[in-house]
Amino acid sequence: MATTFDVARVRGSYPALADGHAYLDGAAGTQVPGSVIDAIAAAYRAGIGNIGGAFAASERSDAIVAEARRAVADLTGGAASGVVFGPSMTALTYRMSAALARGWAPGDEIVVSRLDHDANIRPWIQAAARAGAVVRWAEADLATGELPAAQYAELVGDRTRLVAVTAASNVLGTRPDVAAIAAVAHAAGALCYVDGVHATPHIPVDVSALGAD
Ligand SMILES: Cc1ncc(COP(=O)(O)O)c(C=O)c1O
């Protein structure tokens, strides 16, 4: 079923778009609607504090974080308890790669892709270098901009610990078959780390359906 969308109403809810500009790379500087601006202002007006404290401002902060986790889980699927906030996707991926690579041994392998944003490549390559792990590359089809999933059968093996892949290219908009790629990774006992930065604002996302770890 086609979804109809009142573009003028949605645009109108973003004060920053009032000057007529269109921001074609949303991930590179996301504008927010008035409801978000109001919620942030209301939190500061009410007073917020360090989380986990026994005072009212702290309890307000705890409630905001819990509600935000529920909202993200509603947007992306998965459990609210699995939602982690951080300064940026790049910073979170550096932390995740540093944590996971502690379990990698020399000769283990990871798979990254040429379609991915640097944020889902460099943290993994640097972590692999520190661990002595081998980096294998999935190639994009330059004629179509697609990332053929079939190649993962060759790229993934017994030593594969992690497959990092994007749910959508921020350059081309093409969408790899993440579910198929994740299935290959899981069959080998590897994790699948999916970059949803570009996909999530454009399509309904369900991390379980994608097979994203
Ligand atoms: C697909 C994709 N992944 C990751 C990033 C990096 O996101 P961040 O700026 O939050 O580190 C971007 C930024 O444009 C992106 O487009």
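Rules used throughout
Here, residues in each chain are numbered from 1, in the same order as that chain's written sequence. pLDDT decides what is reported in this predicted model: residues at 70 or higher carry local features, side-chain atom pairs at 80 or more are listed and counted, and totals for whole chains, interfaces and linings draw on all residues regardless. As a rule here, side-chain values come from all non-hydrogen atoms in the structure, and water together with hydrogens is ignored. Domain borders in the structure are assigned automatically or taken from a domain database. Between two residues, a contact is recorded if the distance between any of their heavy atoms is within 4.5 Å. Put simply, buried area is how much 1.4 Å-probe accessible surface two parts lose in total, over both of them, once they are put together. Salt bridge, as used here, is a side-chain nitrogen of Lys or Arg placed within 4 Å of a carboxyl oxygen of Asp or Glu. Here a polar contact is recorded for every N or O atom pair within 3.5 Å, except that within protein the pair must consist of a potential hydrogen donor and a potential acceptor, and residues adjacent in sequence are included only if both atoms are side-chain atoms. Here the nonpolar group is Ala, Val, Leu, Ile, Met, Phe, Trp, Tyr, Cys and Pro; Asp, Glu, Lys and Arg are the charged ones; every other residue, Gly included, is treated as polar. Only protein atoms enter the 1 Å grid used here, on which a cavity is any set of points holding a 1.4 Å probe that cannot leave and a pocket is any open set flanked by protein within 12 Å on both sides along at least five of seven lines; residues with an atom within 4 Å of a point are listed as lining. Grid points are joined across faces, edges and corners, and a volume is the space filled by probe spheres set on the points. In this description a helix means any DSSP run of H or I spanning at least four residues, a strand means any run of E spanning at least two, and both kinds are numbered starting from the N terminus. Here a residue is near a molecule or strand as soon as one of its heavy atoms is found within 4 Å of it. Geometry is summarised by axes, namely lines fitted to C-alpha atoms with helices restricted to the contacting stretch, and by angles between N-to-C directions that run from 0 to 180 degrees. Roughly parallel means an angle under 35 degrees; roughly antiparallel, over 145; roughly perpendicular, 65 to 115; everything else is oblique. For any pair of crossing helices, the crossing counts as left-handed if the nearer helix is rotated counterclockwise from the farther one by less than a right angle, and right-handed if it is rotated clockwise.

Asker: So, the domain arrangement of the protein chain: which residues are in play, and what are the values?
Answerer: Considered domain by domain, the protein chain is made up of domain 1 (7-82) and domain 2 (89-210). A straight line from the C-alpha centre of domain 1 to that of domain 2 covers 28 Å. Of the residues lining the interface, 5 residues belong to domain 1; the matching set on domain 2 comes to 6 residues. Between domain 1 and domain 2 lies a buried interface of about 440 Å² when both sides are counted; carbon and sulfur atoms form 59% of it. The tally of links between domain 1 and domain 2 comes to 0 salt bridges. Remark: the boundary between domain 1 and domain 2 carries 1 residue pair in polar contact (both at pLDDT 80 or more). For the side of domain 1 that touches domain 2, the residue count by class is 2 nonpolar, 3 polar and no charged.

Asker: Break down the layout of surface pockets for me, citing the residues and quoting the values.
Answerer: Empty space within the second largest pocket amounts to approximately 220 Å³. Taken together, V36, A39, I40, A43, Y44, I48, S61, I64 and V65 make up the lining of the second largest pocket. Within the residue set of the lining of the second largest pocket, elements represented by two or more residues are α2 (34-46) and α3 (56-76). When residues in the lining of the second largest pocket are grouped by element, the largest group, 5 residues, is from α2. Here the lining of the second largest pocket is built from residues that sort into 8 nonpolar, 1 polar and no charged.

Asker: Describe the pattern of salt bridges, and please don't skip the residues or the numbers.
Answerer: Scanning all chains against the criterion turns up 6 salt bridges. In this structure, E139 and R114 form a salt bridge, with 3.1 Å as the shortest nitrogen-oxygen distance. Taken as a pair, E139 in the loop between β2 (134-138) and α6 (152-155) and R114 in the loop between β1 (109-113) and α5 (122-131) lie far apart in primary sequence, 25 residues in all. Ionic pairing is found between D118 and R122, a salt bridge with its closest N-O pair at 2.9 Å. Here the residues in one salt-bridge network are D108, R159 and R161, joined through shared partners.

Asker: Would you mind going over the site of the ligand in detail, with residue names and values included?
Answerer: Around the ligand, the surrounding shell holds 10 residues, and the nearest of these are M89, T90, H117, N170 and D195. Take T90: an N or O atom from its side chain is 2.5 Å from an oxygen atom of the ligand. Residue D195 places a side-chain N or O atom 2.5 Å away from a nitrogen atom belonging to the ligand. When its residues are assigned to classes, the shell around the ligand shows 4 nonpolar, 5 polar and 1 charged.

Asker: A description of the packing of helix α4 (residues 89-101) against α5 should follow, citing residues and the corresponding values.
Answerer: Where α4 meets α5, the axes come as close as 9 Å, and the angle between the chain directions of the two elements is 25 degrees. Taken together, the axes of α4 and α5 are roughly parallel relative to one another. In the crossing of α4 with α5, the sense of the turn from one axis to the other is right-handed. Packed against α4, whose contacting residues are T93, Y94, M96, S97, A98, L100 and A101, the element α5 presents R122, P123, W124, Q126, A127, R130 and A131 at the interface.

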